[in-house]
Amino acid sequence: MIIKVISAVYKIPLTSYIGATGRGYFSVAYNLCLPVHALTMGAFPLAITKLVSTYEARMDYLKIKALRKASKRLLFLVGFCGLCVMLLFAKPYSQLIAASPKSIYTILALAPSVFFSCLSASHRAFAEGYLDMKPTAASQIIEALFKTVFGLLLAKYSMGYLYDFYLKYGNVLGVAVQNEGEALSLIYPFTSACAMFGVTLGSIASWIYVGIYVNCRYNSFPPGESDTKSAFSELVAFSMPLVGATIIQSISNFASSSSLQYCLSLCNSNVLLKQYPAGGDDIYTYVFGIYSAITDFKNLIPSMAMALGVTAVPAVSSAYESGSQRFSSLLTSILKYTTVLAVGGGIFLSLFPNEILSLFYGGNNADIVDGGAKLLYFFGITALPCSLASTTVFCVQALGYSKQTIAPFAVSAVVRAVIHYIFVSRSEINILAAPFSDFIGFLVILVWNIIIIRKKTNTSFNITEIILKPVFCAVLAYFATDCIRTSFFTAMPKMLIFLLSALICLLSYVFLLFLIKCISLNEIKGIK
């Protein structure tokens, strides 16, 4: 929760410094990094934790000593390979897929973080094998703080220095420019890279802290030779199935984001400029930056649902394994409250897209408000499948069928890529097709996982309770709030209208949920 707050604080002022174009460069780098990061961090640390906990239970400390050495070597090699992949694909990805050649600077600034994150992971995973989560929590907070502080400082001062340089000498680092637009087009790639370097500094700080913690706390091993080679082989063998599953999911996510970028590059730049006049020469990167800025708000809804899904895992697993009659009602309640959160957040985004964006970007980046309000509206009304899909994935994993979640991810990626090609590539639609793509793609995952749960557990789902009642309440609250706002609040200041309308929306939604007995206090206490 702390890290989510820090990330929200970080992204909004960052976008103010580097603009939508700079944010586009930032997002291009992350889109390349995320599958590499998921592959390097998603399987091997889990294997280390599992094996250390297993041998710790057996009190085989020589084996743990060997695993300690083997894990350092393995994650060093994995991190180095991840760094090389980032460096190797930086240029072709930025040019051929993202249609943003200048984003290469941001990718290069981010690449070392993959290496240092892997080094940190070897220490974190080892401590987690002893059920010690303190170094993981502390190191991640340190990483987030360093990223925020140094990322914002480097973005602010690099932007100030380069812009002052342009005002004094009429060029940017020796490159002559004709006007401010050309100057900013040259400045944004460097300021984005400077901001991204804050992420790398954060990964280094995290590695230093967690390395000192683990080396000081877990340094008492029995004397004697440890078979590091055997431990290394065991780690690799245990990791391979996890690596396979991670590869499929990473490729699926990467294909979805990359297809969006690629299809956006197929749009006519002149048509895009009419819709997004602030884009200038970097129109494709600028539009993708608008999309990235809007997803900061859109992702808040599935994040809330994900928190519910994560905490539901042990309850679902325990009820299923024990054969409890409460299993069906528990699963229904979890899915229902996910829907309640999702459609509640969705109507808020769709009712107040201009107000929300103006609150954060209205001062320095009014173009983001103009270019992103309609996109945020569509994300709001299509938010439900994304949230429910995340919860069903956690439920399937809790039941012990993790491998069966791979296929729906792969099919969803293909479906989303096809939708991107058909609609995003049409210049007059462009990124406005993204919410529709997400809706269909996550609907595939949702339905597929529901079928898995039903087949494996013979559980029946009450669609009226899970979906229809919460959606009915949300729709009524939406139109009631909109009607009251347009009828009675027109002469008030905009901020006061926003606050009063938001309060009415929340109260009416909650009142309706209780009125039709969609939710109850006893049920909430029962889930807790």
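Above this note sits the structure.
Residues numbered from 1 in each chain as written. Predicted model: local features only at pLDDT ≥ 70, side-chain atom pairs only at ≥ 80, totals over all residues. Heavy atoms only, no water.

**Q** Report on the overall build of the protein, specifying residues and quantitative values.
**A** From N to C terminus, the protein includes 19 helices and two strands. Relative to the compact-globule value of 24 Å for 528 residues, the protein shows a C-alpha radius of gyration of 25 Å, a close match. With the principal axes as the frame, the protein shows a C-alpha extent of 75 × 65 × 40 Å. Here the protein holds 528 residues, and 50% of them are scored as buried. Relative to all contacts within the protein whose residues are 6 or more apart in sequence, the contacts with residues 24 or more apart total 82%. Counting only carbon and sulfur atoms, one obtains 68% of the accessible surface of the protein, whose full area is about 24,000 Å². If you average the places of the 37 positive and of the 23 negative side-chain charges in the protein, the two averages end up 7 Å apart. (Helix = DSSP H or I, 4+ residues; strand = E, 2+ residues; numbered from the N terminus. Rg over C-alpha atoms; globule rule 2.2 N^0.38 Å. Buried < 20%, exposed > 50% of the residue type's maximum accessible area, 1.4 Å probe, protein only. Contact = heavy atoms within 4.5 Å. Areas by Shrake-Rupley, 256 points an atom, 1.4 Å probe, with all protein chains shown as cover. Lys, Arg positive; Asp, Glu negative; His and termini not counted. Charge placed at Lys NZ, Arg CZ, Asp CG, Glu CD.)

**Q** Let's hear about helix α3 (residues 61–97): which residues, and what values?
**A** The principal kink in α3, of about 45 degrees, is found at F89, preceding the proline P92 by one to four residues. A99 lies just past α3 and shows a positive phi near 55 degrees. (Bend = angle between axes of the 7 residues up to and from the residue.)

**Q** Describe in detail a nonpolar patch on the surface, supporting the description with residues and values.
**A** Nonpolar side chains collect at one region of the surface, where F146, V149, F150, L153, L154, Y157 and F197 lie side by side and expose about 600 Å² of accessible area between them. Within the secondary structure, L153 is located in helix α5 (residues 134–169). Take L153: its relative accessible area is 38%, and that puts it in the partly exposed class. (Patch = residues over 30% accessible without salt bridge, like charges linked within 9 Å, V, L, I, M, F, W, Y side chains within 5 Å. Salt bridge = Lys/Arg side-chain N within 4 Å of Asp/Glu carboxyl O.)

**Q** Please give an account of the packing of aromatic side chains that cites residues and values.
**A** Under the criterion given, the structure shown has 23 aromatic pairs. Between F348 and F352, the aromatic rings sit 5.2 Å apart at their centres with planes inclined by 65 degrees, giving edge-to-face as the arrangement. The partly exposed category is assigned to F348, whose relative accessible area is 29%. Taken together, the ring pairs in this structure connect F76, F115, F116 and W207 into an aromatic cluster. For the cation-ring pair, R68 lies above F126, with the distance from its terminal atom to the ring centre recorded as 4.8 Å. We note K156 situated over the ring of Y157; from NZ or CZ to the ring centre the distance is 5.9 Å. (Phe/Tyr/Trp six-rings, centres within 6.5 Å; stacked < 30°, edge-to-face > 60°. Lys NZ or Arg CZ within 6 Å of the ring centre and 35° of its normal.)

**Q** Lay out the side chain of S437 with the relevant residues and their values.
**A** Inspection of the secondary structure puts S437 in helix α16 (residues 434–457). With residues up to four places along the chain from it excluded, the contact list for S437 reads R416, I419 and H420.

**Q** So what's going on with unusual backbone geometry? Residues and values would help.
**A** Of note, the phi angle at N430 is positive, near 45 degrees, even though the residue is not glycine. Following the sequence through the fold, N430 ends up in the loop between α15 (406–424) and α16. You will see that N458, though not glycine, has its phi angle at about 60 degrees, which is positive. Mapped onto the elements of the fold, N458 is located in the loop between α16 and α17 (463–488).

**Q** Help me get a handle on the pattern of salt bridges, residues and values and all.
**A** Scanning the entire structure with this criterion turns up 11 salt bridges. The residue E355 makes a salt bridge to R485 at a minimum N-O spacing of 3.7 Å. Here the residue E355 occupies a position in helix α12 (residues 353–361), and R485 occupies one in helix α17, the gap between them amounting to 130 residues. Under the relative-accessibility criterion, R485 is labelled buried at 14%. One continuous salt-bridge network, built from bridges that share partners, spans D132, K134 and R217.

**Q** Hey, could you go over the environment of E465 for me, with residue numbers and the actual values?
**A** Structurally, the position occupied by E465 is in helix α17. On a C-alpha basis, the gap between E465 and T332 in space is 7.9 Å, while along the polypeptide they are 133 residues apart. Setting aside chain neighbours within four positions, we find E465 in contact with K336, P470, K517 and C518. Polar contacts involving the side chain of E465 include one to the side chain of K469, which spans 2.8 Å. (Polar contact = N/O pair within 3.5 Å; in protein donor to acceptor, adjacent residues only side chain to side chain.)

**Q** Kindly report on the packing of helix α9 (residues 283–298) against helix α13 (residues 366–381), identifying the contributing residues and their values.
**A** Viewed as axis vectors pointing N to C, α9 and α13 meet at an angle of 55 degrees, and their least axial separation amounts to 9 Å. Taken together, the axis directions place α9 and α13 in an arrangement best described as oblique. When the axes of α9 and α13 are compared, the crossing they make is right-handed. On the side of α9, the interface is formed by Y286, I290, Y291, A293, I294, T295, F297 and K298, while α13 contributes D367, I368, G371, G372, L375, L376 and F379. (Axes fitted to C-alpha atoms, helices over the stretch in contact; angles between N-to-C directions. Parallel < 35°, antiparallel > 145°, perpendicular 65-115°, else oblique. Left-handed = near helix turned anticlockwise from the far one by under 90°.)

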